[in-house]
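Notes for the structure review
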Amino acid sequence: MKKILILGGSHRDIPLIKASQELGYFVITLGDRDYYLGHEYSDKNYKINFNDLNKVREIIKKENIDYLIPGSGEASYLNTVKLAHELNIGNFDTLETAQLVHNKWKFKKFCLKHKISTPKGYIYTSEDTLQDLDFPVIVKPTNLSGGRGVSVVKSPKELETALKSAKEVSDEVFVEEFIEGELIAYSVFLQYQKIIYGFTGKDATYLNPYLVTTAYPISLDEKVLKKLKKDIENLSESLNLVDGMFHLQVIIKQKVPYIIDVTRRIPGDLYPDLIEYCDKIQYSKAVIKAYIGVPIEDEFIPKATKDFIIRHCVMPSANGIYKELTIDKKINTHIIHKLNLIPENTQIKDFLHTQLEIIFIKINKENLLMLNNLNTLVRPSIII
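Residues numbered from 1 in each chain as written. Predicted model: local features only at pLDDT ≥ 70, side-chain atom pairs only at ≥ 80, totals over all residues. Heavy atoms only, no water.

**Remarks on the overall build of the protein**
For the protein, the helix and strand inventory stands at twelve helices and 19 strands. In terms of C-alpha radius of gyration, the protein reaches 21 Å, essentially the compact-globule figure of 21 Å for 384 residues. Restricting to contacts in the protein with at least 6 residues of sequence separation, those with at least 24 account for 63%. For the protein, the exposed area adds up to about 18,300 Å²; of that, 48% sits on carbon and sulfur atoms. Across the protein, the 50 positively charged side chains and the 49 negatively charged ones have centroids separated by 1 Å. (Helix = DSSP H or I, 4+ residues; strand = E, 2+ residues; numbered from the N terminus. Rg over C-alpha atoms; globule rule 2.2 N^0.38 Å. Contact = heavy atoms within 4.5 Å. Areas by Shrake-Rupley, 256 points an atom, 1.4 Å probe, with all protein chains shown as cover. Lys, Arg positive; Asp, Glu negative; His and termini not counted. Charge placed at Lys NZ, Arg CZ, Asp CG, Glu CD.)

**Digging into the sheet that holds strand S10 (residues 194–205)**
The strand order S13-S12-S9-S10-S11-S14-S18-S16 describes an open sheet built from eight strands, whose pairing is antiparallel. On the outer flanks of this sheet lie strand S13 (256–263) and strand S16 (335–340), each paired with one strand and no other. Between one strand axis and the next, the sheet turns by 25° as a mean value, whatever way the strands run. Docked against the sheet, helix H8 (residues 271–279) engages strand S9 (182–191), S10, strand S11 (212–217), strand S12 (244–253), strand S14 (309–314), S16 and strand S18 (357–362), running at close to 110° with respect to S10. (Pairing = 2+ DSSP bridges. Axes fitted to C-alpha atoms, helices over the stretch in contact; angles between N-to-C directions.)

**Things to note about the side chain of Glu63**
In this fold, Glu63 is placed in helix H2 (residues 53–63). For Glu63, a relative accessible area of 6% puts it in the buried group. Only 2.8 Å separates the side chain of Glu63 from the side chain of Lys3, close enough to count as a polar contact. Discounting residues that sit within four places of it in the chain, Glu63 has contacts with Lys3, Ile28, Lys44 and Tyr46. (Buried < 20%, exposed > 50% of the residue type's maximum accessible area, 1.4 Å probe, protein only. Polar contact = N/O pair within 3.5 Å; in protein donor to acceptor, adjacent residues only side chain to side chain.)

Below, the structure written as structure tokens:
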């Protein structure tokens, strides 16, 4: 049996672990965090930091690894690309391209240069580089996800504070034009730089405006979708992207799509499962096949009619002791899958970045009342 090594082992990597096993591979995961749930699904795991490339190389040699797969994280993806090119295995973009795509500032510069629709931006090197800004603006680290270090600022005084906070979590920070509009995700699959499959989803937030908690399928205006597809295929051709998945976050304002973030690793928090539940395709298997260089076959042929599914990440409303999760009976019968992330009686120290459980809910598309009240229908009890 051939072996796949996944540089990761968190709950976010479970879709890739299961897909690899279904394709007939022996799966080994890496990750030194005790709370990594993905290790429970893999065939074998090593609790080491996958940023220690020398140790990873030792495991590759010891286990006679056939293929490398990135987990759901930027560092994991970039490490995988570096090692895959060293060993001449798999199907990945060049390391230079991977580093550009996964550096928010470098990617923005590329888009602006090639007239790809994206908010304007300015790199921060000193106060002198950020003169005459039109507020509000967004301050962003170049290399972090999950909303860490991101803030919207409305004045020069707020800008100073925001820059200081961002510099505490990243060596490189930039300022971006603030565009207020509808936040969506667009997950596509590329073949010869053309989109052969796409999934559009609404991205909704809760208390942390920069961390997506709820996602569900939506349809885009034809004009918007056409423009978005054109931009993606243009940048894919310009960067000579290899076949495989490409996930984007987009803000739509006045029927203009602005690309604000991209990645070539799977979106987190079981988003691949949302795609598969909704469209009845085999997204994760296609991702694995693309990474290892195996031809895509019938993975994007729907196995049944589409469903309206919501993926909801349950988050606490404050720090304290997490006691229990109460799910209203109106929603209980609609849950088709759930994954518990944190046990009860756990001390919550960072509620704005903590997820307690991920649930998938199948409802009627027109049931907006349930959709708009998820955070009251699913209620974690926190003792402060």
